[in-house]
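Here are the chains, one letter per residue:
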Protein chains: 2
Amino acid sequence: MPEVKSYAAQNAKDPLGPFSISRRQPGDFDVQIEILFCGVCHSDIHQVRNEWGGSMYPMVPGHEIVGRVSQVGSKVTNFKEGDLAGIGCFVDSCRTCASCLDGLEQYCEVHNAATYNSTEMDRKTPTYGGYSKRIVVDEKYTLKISPELDLARVAPLLCAGITTYSPLRQWQVSKGHKVGVLGLGGLGHMAVKLAVSMGAEVTVLSTSPSKEADAKSLGAQNFVVTKNKEAVDPIMNTLDFIIDTVSAQHDLNFYLQMLKRDGTLILLGVPPEAPQLSVFNLIGKRRRVAGSLIGGIKETQEMLDYCAEHQIMSDIEVIPIADINEAYERMMKGDVKYRFVIDMASL
Amino acid sequence: MPEVKSYAAQNAKDPLGPFSISRRQPGDFDVQIEILFCGVCHSDIHQVRNEWGGSMYPMVPGHEIVGRVSQVGSKVTNFKEGDLAGIGCFVDSCRTCASCLDGLEQYCEVHNAATYNSTEMDRKTPTYGGYSKRIVVDEKYTLKISPELDLARVAPLLCAGITTYSPLRQWQVSKGHKVGVLGLGGLGHMAVKLAVSMGAEVTVLSTSPSKEADAKSLGAQNFVVTKNKEAVDPIMNTLDFIIDTVSAQHDLNFYLQMLKRDGTLILLGVPPEAPQLSVFNLIGKRRRVAGSLIGGIKETQEMLDYCAEHQIMSDIEVIPIADINEAYERMMKGDVKYRFVIDMASL
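Cut-offs applied
Chains are numbered independently. Their residues run from 1 in the order of the written sequence. Written order determines the labels here, with chains lettered from A and ligands numbered from 1. Only residues with pLDDT of at least 70 get local features here, since the model is predicted, and only at 80 or more are side-chain atom pairs given and counted; chain-wide, interface and lining totals rely on the full set of residues. Just so you know, side-chain values use all the structure's heavy atoms and leave hydrogens and water out. The axes are straight lines fitted to the C-alpha atoms, using for helices just the contacting stretch, and the angles between their N-to-C directions are given from 0 to 180°. Where helices and strands are cited, they refer to DSSP runs of H or I of at least four residues and of E of at least two residues respectively, numbered from the N terminus. By the definition adopted for this analysis, an angle is roughly parallel if under 35 degrees, roughly antiparallel if over 145, roughly perpendicular if from 65 to 115, and oblique otherwise. Residue contacts are defined here by distance: any two heavy atoms, one from each residue, within 4.5 Å place the two residues in contact. The nonpolar class holds Ala, Val, Leu, Ile, Met, Phe, Trp, Tyr, Cys and Pro. Asp, Glu, Lys and Arg form the charged class, and all remaining residues, Gly among them, are polar. Only protein chains enter the accessibility calculation, which uses a 1.4 Å probe; a residue is then buried when its area is under 20% of its type maximum, exposed when over 50%, and partly exposed in between. Only Phe, Tyr and Trp rings are paired, with Trp represented by its six-membered ring, and only when their centres lie within 6.5 Å; those with planes under 30 degrees apart are stacked, over 60 edge-to-face, the remainder tilted. The criterion for a charge sitting over a ring is simple: Lys NZ or Arg CZ within 6 Å of the ring centre, and within 35 degrees of the ring normal. The criterion for strand pairing is that DSSP finds at least two bridges linking the strands in question. To line up the copies, we fit them by least squares on C-alpha atoms, keeping just the residues with pLDDT of at least 70 in both. Arc definition: it is the arc formed by the directions from the helix axis to the C-beta atoms. Polar contact criterion, stated in full: a pair of N or O atoms within 3.5 Å, where within protein one must be able to donate a hydrogen and the other to accept it, and residues adjacent in sequence count only if both atoms are side-chain atoms. Domain start and stop positions are those given by an automatic or database domain assignment. Accessible-area loss on putting two parts together, using a 1.4 Å probe and summing over both, is the definition of buried area adopted here. Here a salt bridge means any side-chain nitrogen of Lys or Arg lying within 4 Å of a carboxyl oxygen belonging to Asp or Glu.

Moving on, we come to the packing of helix α4 (residues 160-170) of chain A against helix α10 (residues 297-310) of chain A. Residues and elements named next belong to chain A. The N-to-C vectors of α4 and α10 enclose an angle of 100 degrees; their axes lie 10 Å apart at closest approach. When the axes of α4 and α10 are compared, the pair comes out roughly perpendicular. Touching Gly161, Ile162, Tyr165, Ser166 and Arg169 of α4 are Glu299, Thr300, Glu302, Met303 and Tyr306, all from α10. In the contact of α4 with α10, the residues fall into 4 nonpolar, 3 polar and 3 charged.

Attention now moves to unusual backbone geometry. Of the consecutive residues Tyr57 of chain A and Pro58 of chain A, the connecting peptide bond is found in the cis state with omega at -5 degrees. Its location among the elements puts Pro58 of chain A in the loop between α1 (42-48) and β4 (65-72). The omega angle of the peptide bond from Lys337 of chain B to Tyr338 of chain B is -15 degrees, so this bond is cis rather than trans. Although it is not a glycine, Asn50 of chain B adopts a positive phi angle of roughly 60 degrees. Taking the relative accessible area as the measure of exposure, Asn50 of chain B reaches 31% and is therefore partly exposed. Positive phi, normally seen in glycine, also occurs at Arg95 of chain B, with a value near 70 degrees. Here Arg95 of chain B is to be found in the loop between β6 (90-92) and α2 (98-101).

What follows concerns the packing of aromatic side chains. For the structure shown, the criterion picks out 8 aromatic pairs over all chains. With centroids separated by 6.2 Å and ring planes inclined at 75 degrees, the aromatic side chains of Phe90 of chain A and Tyr141 of chain A adopt a geometry described as edge-to-face. You can see Phe90 of chain A sitting in strand β6 (residues 90-92) and its partner Tyr141 of chain A sitting in the loop between β10 (134-138) and β11 (143-144), a full 51 residues away along the chain. Classification of Phe90 of chain A as buried rests on a relative accessible area of 3%. On the accessibility criterion, Tyr141 of chain A (3% relative accessible area) is buried. Against the face of Phe79 of chain B rests Lys144 of chain B, its NZ or CZ located 4.4 Å from the ring centre. Stacked on the ring of Tyr306 of chain B, the Lys or Arg Arg169 of chain B has its end atom at 4.9 Å from the ring centre.

Attention now moves to the sheet that holds strand β15 (residues 239-244) of chain A. Spatially, 12 strands are ordered β14(A)-β13(A)-β12(A)-β15(A)-β16(A)-β17(A)-β17(B)-β16(B)-β15(B)-β12(B)-β13(B)-β14(B) in an open sheet, and the strand pairing comes out mixed. Looking at strand neighbours, the two that pair on one side only are β14 (222-225) of chain A together with β14 (222-225) of chain B, the edges of this open sheet. Taken over all neighbouring pairs, the strand axes of this sheet differ in orientation by 20 degrees on average, direction set aside.

Let's shift gears to the relation of the copies chain B and chain A. When chain B is fitted to chain A, the residual RMSD is 0.0 Å, and the transformation amounts to a turn of 180 degrees plus an axial shift of 0.0 Å. Read as a symmetry element, the transformation amounts to a two-fold axis. Nearest to the rotation axis, the C-alpha of Gln276 of chain B is located 2.1 Å from it, this being the minimum over chain B. A share of 100% of the interface residues of chain B reappears at the interface of chain A, consistent with the copies meeting face to face through the same patch.

Further remarks concern the side chain of Thr226 of chain A. Residues and elements named next belong to chain A. Along the polypeptide, Thr226 turns up in the loop between β14 and α7 (229-232). Of the residues examined, Thr226 reaches a relative accessible area of 10% and is grouped as buried. Non-local contacts of Thr226, meaning those with residues more than four positions away in its chain, are made with Leu205, Ser206, Thr207, Val232, Phe254, Tyr255 and Met258.

Residues and elements named next belong to chain A. For helix α11 (residues 324-332), the full list of buried residues reads Ile324, Ala327, Tyr328 and Met331. Each buried residue of α11 lies within a common arc of 105 degrees when the element is viewed along its axis, so the set occupies one face. Just past α11, the residue Gly334 takes up positive phi, approximately 75 degrees.

Within the element layout of this structure, Glu109 of chain B appears in the loop between α2 and β7 (113-114). For Glu109 of chain B, a relative accessible area of 41% corresponds to the partly exposed category. Residues Glu109 of chain B and Val246 of chain B, spaced 137 residues apart in sequence, show a C-alpha to C-alpha distance of 26 Å. Not counting residues up to four positions away in its chain, the partners in contact with Glu109 of chain B are Lys285 of chain A together with Cys97, Ala98 and Ser99 of chain B. Side-chain polar atoms of Glu109 of chain B contact the side chain of Ser99 of chain B, separated by 2.8 Å.

The next point concerns the domain arrangement of chain A. Residues and elements named next belong to chain A. Entries for chain A in the domain assignment read domain 1 (3-158 + 314-346) and domain 2 (161-291). Its C-alpha centre places domain 1 at a distance of 28 Å from the equivalent point of domain 2. Summed over both sides, the interface of domain 1 with domain 2 buries roughly 820 Å², with 48% coming from carbon and sulfur. Viewed at the interface, domain 2 and domain 1 are joined by 2 salt bridges. The interface formed by domain 1 and domain 2 contains 7 residue pairs in polar contact (both at pLDDT 80 or more).

Take a look at the structure:
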């Protein structure tokens, strides 16, 4: 099998460094992609550092992958050499469970093959992600990318974009809805752009007054400093939805009270400890708490097409692969607007 | 104002006893009802004993009231002397907020006038509940009761019935759905009857193997002893909804895992401490946690009409008012199938 230049973590503690991996030759249904850009997701750090447990090393992270097709298998019908293509958070799934048949492979009931830190569906062959020059994936799990957009800025749509797009669609967010966005990072900034594009009135909820200008420039109509009681009081009982992108520990009950009757708090991040839920906050206003996980292939393609049509892309800082360890440190401090994207030409 | 024989708590500790209260003469829009039966809800005990704080004494509990109209105001159009009538958990609301205008007076944004342990909308006149010979209520907050049903068995529909009917309707439970019912008390036994009548396949979830025969006789197709791992494993990831009627502390995360993708845990009871919510259990299967509180007047009437059409009533034990303190003690032990109803002729 051909060797492919990559960047890998060898264990939970040492910095990432250059590493060579084997990728399979494209099979009949495979698309081989020369990776041009890969976004850096906070979950890369969690998994590199084994913060969720069970990490498999060597680990080549990265699941916000865009590039150009260099070869296709004999039975591939949707891609040809030279096409732009993308890979998101998974590269295969069982294809037969109820979730897969519903096009919701992210909830595959026998666990899908995550793009890295996982195995192919044979449950033996390790998967390696996008911090790499090349990847080979079945065309069914490969996305079409519009040539109209800035390719580096498209990469984060494959995770941050679909993670926020999917719940907005599932809950049918549209004109007339008031949407709070909690956390203005990689996910949050996409939630603002997408919700605004769908016609919602968006309020960014933040502990930092310094983020107001950024929130407004992303399109948010309102900004509330959540430590300021005078700013918070008027939005209590007013929001239809809150998109909660925060993975740090935080008090869900405070935010629940911002929802009007029948409002929904949509959780996208997993805090380290299970938060407490004041049941009265749900019952007293028929509110709901929901979760959502990335999106299926069909919906991810729909999101990419939607973003192309509406000229929606991530705000990014492009880095060479050699800066990845420093980028991780900056992400830990929230020092990035709003996503690092690795220029794979630097590898 | 005429004096009316009642039964009241004078403080949080002493037993309830006979007491005389004043009720207004019926105004132009009022219906005066001679109370025939009043159900005994667990929230009567919470409020009598001041377990939720802020209790107002003397307190005449009872919000599952049925009786016969003895007088109507000059502008009353929907009731006439001799009609059967019912009163549920509230006797008035602001009538102008968004929730009241939507017919969801239970969520009245300036707080409705609860049937007891509250005040009329003047925020001065105390309200007294159904442990009483008579009540006077605006016809807009008075329900029509079918003469086709056993009146004593209808009383608990005014709280236990609507509390379970409303979420089943809101979440559109119907044929093809698998519904778990957690807790087989006043609320739970109504949830079983109503969900079965709507075509759902119902599984009673209980810690007590002894309840299986009862669950089946109420119409539940399945019964699972939740302490028995072999019984629980097959229902993991299978239920569309769980109606959770338990007010005691319990682990929501265990039950969440019984829900399939897109399943909803509907909380009707408020445990003493805020339960912890494993966010992963939501995100990993796009599950939801929701709350629901009784129902509005329009939906309560719809429920009463539905129950008349489907011959659905509560299973009850009729008691004389003098036994109310003993009944409270038995309820604390779960020793009632499934609702005590006071025969007000005994007062």
